[in-house]
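Overview (structure and organization)
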Amino acid sequence: PDLRVVTPAEGNAVKDRAEGAPARGPRVVKAYVTTFFVIASYVWLKLQARFRSQAVIERKLTRAHLRNARRIEHTIVTLQGLFIKVGQLISIMTNFLPPAFRKELEGLQDQVPARPYEDIEARLREEFAGRGPEELFAEFDRRPIASASIGQVHVARTHGGQRVAVKVQYPDIEELVRADLRTLKRIFGILSYFLPHHGLDGVYAEIRDMILQELDFRSEASNMARVAKNFVSRVDIGFPIVVPELSTARVLTTTFQSGARIGDLRRLDEQKIDRRELAQLVIKAYCQQIFVDGVYHADPHPGNILVRPCETSPGKPCIVFLDFGAVAEISPKMRHGIVQFLQGALQGDTQRILRSMKDMGFIARGADDRVFDQIVEYFHRQFQDEIRLDSFNLKDLKFDPRKGLENLADLRRMNISLRDLSSSFHVPK
């Protein structure tokens, strides 16, 4: 969750959103109904495309994106549980989804409806042999500062005077997650019927593994310590410290960390944070985690990275990583392959790119090496023709549907079908 300092007004807003546990009965039905409504709206547009101009369809498509995003956001907030996590994942898929869709779901990153204080107290008593917040802490704020899909965070003070953040899982979350995973599996199966080449089975498996891992706060505490030890010499990169005597598998107490969300540009400007220097710091931190340490923070949405001016170097940005429920390892072979791929792309060396992709496991089992090589060589040539690396900017990369159709036509002339394209590649975990 987003452990940030909030104003009293913001705190009251979080409190006002507290709605209690989602109702059990209609949850599955509501999830299916929303899924079918969204699918039906796009199918209807596809049918209309046969009889209307492209300009009209594009306007209708934009409105459909906005309407469906609002429909999904409303459903997710109503259902809560695991659906909140899925909505957060959708909202950060900046390279794949239309802006209208993402914008409506961005609020799910740190505006998840909170649960009543009584639920939190019940979980604490369950975890600490009947002792409640009053016995465990010298002070415990009943109003949460953040809420997420599986729990929420309260500020407290230990009997020793230390200010801490207490993340508490909801009492019924295990049962809720099991039910939601079954529903999501069926929904992904339905979507796979309409989007057969998008690897949705793999996406569901990733979500399932990540959620089950996040349910055990002992794993998160271990992950936090594991990543933090690789940065002990850095004063500009920080991590919360676990308070073990006040932590269990379902409650995680850490030192409180203040700062602005990395996406809150207004607050960054107020603190006179140099954005370019901040961006470099984040990139270097992740490069160390990926290429040097081989273990990295795998849930980098804006609520999980805080920014504040460094105490030791005024004017310099410091960052704090939060929420280590999702941490991933990367093998030495994959690390080496990523470096080789980037060097091959920068040097225009297609053969190096091919070797690196095969080393990393991007070629599917049973795929034809010749077809794989042809596809990679073709798209690398297209990339070189369209992108100038001396002025490379990610914002300049646009998806042009007409160009995509041209690419498919070129591949057909090379005797490569859409099935060959989808069956040759496997995206490794």
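Residues numbered from 1 in each chain as written. Predicted model: local features only at pLDDT ≥ 70, side-chain atom pairs only at ≥ 80, totals over all residues. Heavy atoms only, no water.

On to the overall build of the protein, then. The helix and strand tally for the protein stands at 17 helices and 11 strands. Burial statistics for the protein: of 429 residues in total, 44% are counted as buried. Within the protein, residue pairs in contact and separated by at least 24 positions form 67% of the contacts whose partners lie at least 6 positions apart. Roughly 23300 Å² of accessible area belongs to the protein as shown, and the carbon and sulfur atoms make up 55% of that amount. (Helix = DSSP H or I, 4+ residues; strand = E, 2+ residues; numbered from the N terminus. Buried < 20%, exposed > 50% of the residue type's maximum accessible area, 1.4 Å probe, protein only. Contact = heavy atoms within 4.5 Å. Areas by Shrake-Rupley, 256 points an atom, 1.4 Å probe, with all protein chains shown as cover.)

A few words on helix H10 (residues 217–228). Over its 12 residues, H10 extends 16 Å from the first C-alpha to the last, a length consistent with the 16 Å expected when each residue adds 1.5 Å. What H10 keeps buried is the set Phe217, Glu220, Ala221, Asn223, Met224 and Val227. The arc that holds the buried residues of H10, viewed along the axis, is 160°, so those residues lie on one side. Against the buried residues of H10 lie strand E4 (163–169), helix H9 (200–214), strand E6 (251–255), helix H12 (275–293), strand E8 (295–297) and strand E11 (327–329). The N-cap of H10, judged by a side-chain oxygen 3.0 Å from the amide nitrogen of Arg218 a few residues on, is Asp216. (Expected span 1.5 Å × (residues − 1). Arc of directions from axis to C-beta. Polar contact = N/O pair within 3.5 Å; in protein donor to acceptor, adjacent residues only side chain to side chain.)

All right, on to the packing of aromatic side chains then. By the definition in use, this model includes 8 aromatic pairs. Between the aromatic rings of Phe188 and Tyr204, the centroid separation amounts to 6.1 Å while the plane-to-plane angle is 55°, which identifies the pairing as tilted. Within this pair, whereas Phe188 is found in helix H8 (residues 173–194), its partner Tyr204 is found in helix H9, the two being separated by 16 residues in sequence. Just as Phe188 is buried, Tyr204 falls in that class too. (Phe/Tyr/Trp six-rings, centres within 6.5 Å; stacked < 30°, edge-to-face > 60°.)

The next point concerns the side chain of Arg115. Its place among the elements puts Arg115 in the loop between helix H5 (99–105) and helix H6 (117–127). A distance of 2.7 Å separates a polar atom in the side chain of Arg115 from a polar atom in the side chain of Asp172.

Per-chain confidence: the protein averages 82 in pLDDT, with 82% of residues scoring 70 or above. For the stretch residues 1–19, pLDDT sits under 50, and the model shows 52 contacts to residues farther than four places along the chain or on other chains. (pLDDT = per-residue confidence, 0-100.)

Let us now look at H8. Helix length check: H8 (22 residues) gives 31 Å between terminal C-alpha atoms against 32 Å at 1.5 Å per residue, within 8%. Among the residues making up H8, those that are buried are Ile173, Leu176, Val177, Asp180, Leu181, Thr183, Leu184, Ile187, Phe188, Ile190 and Ser192.

The phi angle at Ala129 is positive, at roughly 50°, despite the residue not being glycine. Within the fold, Ala129 resides in the loop between H6 and helix H7 (133–136). Despite not being glycine, Asp323 shows a phi value in the positive range, around 60°. As for its position among the elements, Asp323 is in the loop between strand E10 (317–321) and E11.

We now examine the nonpolar core. In terms of nonpolar packing, the biggest core is built from 64 residues, with Leu124, Phe137, Phe140, Val166, Ile237, Ile319 and Phe321 touching the most fellow members. If you tally residues by element for this core, the top one is H8, at 7 residues. Beyond its immediate chain neighbours, meaning those up to four positions away, Val166 contacts Phe137, Phe140, Gln152, Val153, His154, Ala156, Val251, Leu252 and Thr253. Counting residues in hydrophobic clusters, the runner-up holds 8 residues, among them Leu354, Met357, Ala367 and Val376. (Core = buried A, V, L, I, M, F, W, Y, C linked by side-chain atoms within 4.5 Å.)

Another point: the packing of helix H2 (residues 27–48) against helix H3 (residues 54–79). Two quantities define a packed helix pair, namely the angle between the axes and the distance from one axis to the other. Packing of H2 against H3 brings their axes to within 10 Å, and their N-to-C directions diverge by 175°. Of the possible angle classes, the one that applies to H2 and H3 is roughly antiparallel. Between H2 and H3, the residues in contact are Arg27, Lys30, Ala31, Thr34, Phe37, Val38, Ser41, Tyr42, Leu45 and Gln48 and Ile57, Lys60, Leu61, Ala64, His65, Asn68, Arg71, Ile72, His74, Thr75, Thr78 and Leu79, respectively. Class assignment of the residues belonging to the contact of H2 with H3 gives a composition of 10 nonpolar, 8 polar and 4 charged. (Axes fitted to C-alpha atoms, helices over the stretch in contact; angles between N-to-C directions. Parallel < 35°, antiparallel > 145°, perpendicular 65-115°, else oblique. Nonpolar A, V, L, I, M, F, W, Y, C, P; charged D, E, K, R; others polar.)

Tracing the backbone shows Arg123 in helix H6. The class of Arg123 is buried, set by a relative accessible area of 1%. Engagement of the side chain of Arg123 in a polar contact is seen with the backbone oxygen of Pro171, the distance being 3.4 Å. A distance of 3.3 Å separates a polar atom in the side chain of Arg123 from a polar atom in the side chain of Glu174.

The next point concerns the pairing of E10. In terms of burial, E10 is largely enclosed, as 5 of its 5 residues are buried. Neither face of E10 is left uncovered, since the one carrying Pro317, Ile319 and Phe321 and the one carrying Cys318 and Val320 both have all their residues buried. Note: strand E5 (residues 237–238) against E10, 2 bridges, orientation parallel. Following the sheet pairing, Ile237 is matched in E10 by Ile319. (Pairing = 2+ DSSP bridges.)

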